[in-house]
Amino acid sequence: MTTTDNLSGIPAPAWVVTPGAPATADVPRFASLDEALGWLERVRPALRAGLREHGAIYLRGLPIEDVDGFGRVRDTLMPERTPYREKATPRSDFGNGVFSSTDLPASQEIRMHNENSYTLTFPGLLMFGCLVAPESGGATPVADCREVLRTLPPRLVAKMRAVGWLLKRSYSEHISTSWQTAFAAETPETVERYCAENLIAHEWQDDGHLRTSQLRPGVITHPVTGEEVWFNHLAFWNEWALDEEIRDTLVDEFGQDDLPFNTSFGDGEAVTKDELETIQAAYAAATVRRSWQPGDLMLVDNILNTHGRDSFRGDRRIVVAMGEPVDVLDCHPTVRPAAEHGTKEAV
């Protein structure tokens, strides 16, 4: 459904918000991708307004048929790109800044997260496009981080505001991403320079594998809207988020220090299972989703909304691009990023 801007006569998106679904608009029928790109260019202000209000917006019915077409839409709506840094999950790189959303197995659900919340510069905007819709499942759910912050217990929010969160990673070809892949590096010296420049503590082990840690804020303020949000990977990568049997096996085999990922509060205090479940429940309460159809496009403000992936059956080809980089220090973080844990003064 669309409306017409009385000043310009340009059909603009009319957002339909129904319970359990993201704000959605059916686009006009276009004869070609070029025609659709012209429309997208003209309605960019309306798309931005929708993003600021809803955090994620869904456009249904664009003539996007392949990676090249998606790339042209990206260049129209999001010309400033953000590199994919500190890689953590497998993706296919289709070139021109377009990736698969993930290459993890279809049976594996991906929990809610803000893309690259652990990096000093992260994408402010994400763009997802559907080239092939799965037989069933496979939605890309989103959750409003403003709502998550409002519904979390005040004690938990106060703790995060005061000390932030700590991410520890262990890079190994056997059970996780190798350091070569994660840092797009061929030599330890390249990794060490990156870590020094990006406030990441690092330690090489005797067998050559790498451990890192980094302190990051978990509550930040959107640089445009001025709204405070819950923004972190605390629950996503915590050890209690693992299947209990898998967690016990990994700890027995490799030790807790060599789990692929683990998180704690920024002062080193462990996250309890109850706290993890509380955070996951807040995400679940704020989550909305819509089944993909070919030609669908979803824009996600990466600060205002998290995203994830439902498990699915059948072929699924969802592509993603990341853009509009944001410096965490421009987001009034309550904790200054650092390499080591410990209570930090607010910025």
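To start, this report covers the structure provided alongside it.

Procedures and definitions
Residues numbered from 1 in each chain as written. Predicted model: local features only at pLDDT ≥ 70, side-chain atom pairs only at ≥ 80, totals over all residues. Heavy atoms only, no water. Pairing = 2+ DSSP bridges. Helix = DSSP H or I, 4+ residues; strand = E, 2+ residues; numbered from the N terminus. Axes fitted to C-alpha atoms, helices over the stretch in contact; angles between N-to-C directions. Contact = heavy atoms within 4.5 Å. Phe/Tyr/Trp six-rings, centres within 6.5 Å; stacked < 30°, edge-to-face > 60°. Buried < 20%, exposed > 50% of the residue type's maximum accessible area, 1.4 Å probe, protein only.

Moving on to the sheet that holds strand E21 (residues 317-327). The seven strands lie next to each other as E3-E4-E18-E8-E21-E6-E5, forming an open sheet whose pairing is mixed. Looking along the sheet, the strands with just one partner apiece sit at the ends: strand E3 (23-26) and strand E5 (93-95). For this sheet, the mean inter-axis angle between neighbouring strands, taken without regard to orientation, is 25°. In the sheet, strand E8 (residues 121-132) pairs with E21 via ten bridges, with the strands oriented antiparallel. Counterpart to Leu125 in the pairing with E21 is Gly323. Sitting on the sheet, helix H2 (residues 44-54) touches E3, strand E4 (56-60), E8, strand E18 (297-301) and E21, and the angle it makes with E4 is about 135°.

One pair of aromatic rings is described through two measures. These are the centre distance and the angle between the planes. Taken as a whole and judged by the stated rule, the model has ten aromatic pairs. Ring geometry for Trp179 and Trp204: centres 5.3 Å apart, planes at 85°, overall edge-to-face. Placement of the pair is Trp179 in helix H6 (residues 179-182) and Trp204 in strand E12 (residues 201-204), with a sequence separation of 25 residues. For Trp179, a relative accessible area of 10% translates into the label buried. Using a relative accessible area of 25% as the deciding quantity, one classes Trp204 as partly exposed. A network of ring pairs unites the aromatic residues Tyr118, Phe236, Trp237 and Phe261 as a single cluster.

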